[in-house]
Amino acid sequence: RSSERTGPADIFGKTLLKGTASGATETFFQPGRYTTAIDEGVPLVIDEFNLLDLIVRFQLKELYNRRPGDEITIQEDTGMRHKIKEGFAFAATANLKSEKYKDRFDLDPAESRVFEMRRVDFLPKEELYDLCLAQMLDNEGRLRLSKKDAQDTLKRLVEAAEMVQSSFLGAGSFYEEGGGTKKKTAVLEK
């Protein structure tokens, strides 16, 4: 998850001190999210990517297209080379600056060219219902939910979520105050 305060240490890592059994201190490298992902061979997904400071995003820019098997140098890790393990992938989410997201930042054109931009819509209520049920399963695959709650309460919850999401997108069936006769749809700002 990103913010304007997320820096290189969060992404790549940092050198820290720790005490030893003899009472001395020694330095060690605490890997950041990117370094951990390439070393373990897991995907790295940076949420709200465009909230990162532009300088940090440009530090990452050279690494966007690196693939498993490539070797890279992590400057923060005293220039140590890391081989990207199989399974690593890089993805990012962003709410780009628009009428709906006025306080957001655009991506630099050099960044936009690297990413395959896709709009991801809200889940349909049927899929959201299934996802909620799956999330509530325990480790043995049991669902601790009454039939009434599964059929009524959860169903109403996902229907309410769909109404809120539709209103946010300006496609809801609610009208602005006094706008019913003009059919002026209400739109949620946040």
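Attention here is on the structure that accompanies the text. (Residues numbered from 1 in each chain as written. Predicted model: local features only at pLDDT ≥ 70, side-chain atom pairs only at ≥ 80, totals over all residues. Heavy atoms only, no water.)

### Let's talk about helix α2 (residues 33-40)
Then, in step 1: Turning to α2, its buried residues are Y34, T35, A37 and I38. With its buried residues spanning 165° around the axis, α2 presents them on a single face. Among the exposed residues of α2, those pointing more than 90 degrees away from its buried face are R33 and E40.
Then, in step 2: Those residues of α2 that are buried lie in contact with α1 (8-11), β2 (25-31), β3 (44-46), α3 (54-61), β4 (71-74) and β5 (80-83).
Then, in step 3: G41 occupies a position one or two residues after α2 and carries a positive phi of about 70°. (Buried < 20%, exposed > 50% of the residue type's maximum accessible area, 1.4 Å probe, protein only. Helix = DSSP H or I, 4+ residues; strand = E, 2+ residues; numbered from the N terminus. Arc of directions from axis to C-beta. Contact = heavy atoms within 4.5 Å.)

### Describing the packing of helix α5 (residues 125-135) against helix α6 (residues 147-169)
Then, in step 1: One way to put it is that α5 packs onto α6 with a least axis distance of 9 Å and a crossing angle of 130°. Classified by the angle their axes make, α5 and α6 are oblique. The element α5 and its partner α6 pack so that their crossing is right-handed. Of the residues in α6, those touching α5 at K125, L128, Y129, C132 and L133 are A150, Q151, L154, K155, V158, E159, A161 and E162.
Then, in step 2: Taken together, the residues that form the contact of α5 with α6 break down as eight nonpolar, one polar and four charged. (Axes fitted to C-alpha atoms, helices over the stretch in contact; angles between N-to-C directions. Parallel < 35°, antiparallel > 145°, perpendicular 65-115°, else oblique. Left-handed = near helix turned anticlockwise from the far one by under 90°. Nonpolar A, V, L, I, M, F, W, Y, C, P; charged D, E, K, R; others polar.)

### As for the packing of aromatic side chains
Then, in step 1: Counting across every chain of the model gives five aromatic pairs.
Then, in step 2: Centroid distance F49 to F90: 6.3 Å. Interplanar angle 85°. Geometry classified as edge-to-face. Of this pair, F49 sits in the loop between β3 and α3 while F90 sits in strand β6 (residues 90-92), and the two are 41 residues apart along the sequence.
Then, in step 3: Look at F90 and you get buried, because its relative accessible area is 18%.
Then, in step 4: A centroid spacing of 5.4 Å and a plane angle of 35° characterise the contact between Y64 and F90, whose relative ring orientation is tilted. Here the residue Y64 occupies a position in the loop between α3 and β4, and F90 occupies one in strand β6, the gap between them amounting to 26 residues.
Then, in step 5: Connected via pairs of aromatic rings, a cluster forms that spans F12, Y34 and F88. (Phe/Tyr/Trp six-rings, centres within 6.5 Å; stacked < 30°, edge-to-face > 60°.)

### Examining α5
Then, in step 1: Within α5 the residues assigned to the buried category are L128, Y129, C132 and L133. When α5 is viewed along its axis, its buried side chains cluster within an angular range of 140° and face the same direction.

### Topic: the pattern of salt bridges
Then, in step 1: Under the counting rule described, the total for this entry stands at eight salt bridges.
Then, in step 2: Residue R142 pairs with D138 through a salt bridge whose shortest N-O separation is 3.1 Å.
Then, in step 3: D138 sits in the partly exposed class, given a relative accessible area of 24%.
Then, in step 4: Between D152 and K148 there is a salt bridge, with the nearest N and O atoms lying 3.6 Å from each other. (Salt bridge = Lys/Arg side-chain N within 4 Å of Asp/Glu carboxyl O.)

Function cannot be read off these values alone, since they describe shape.
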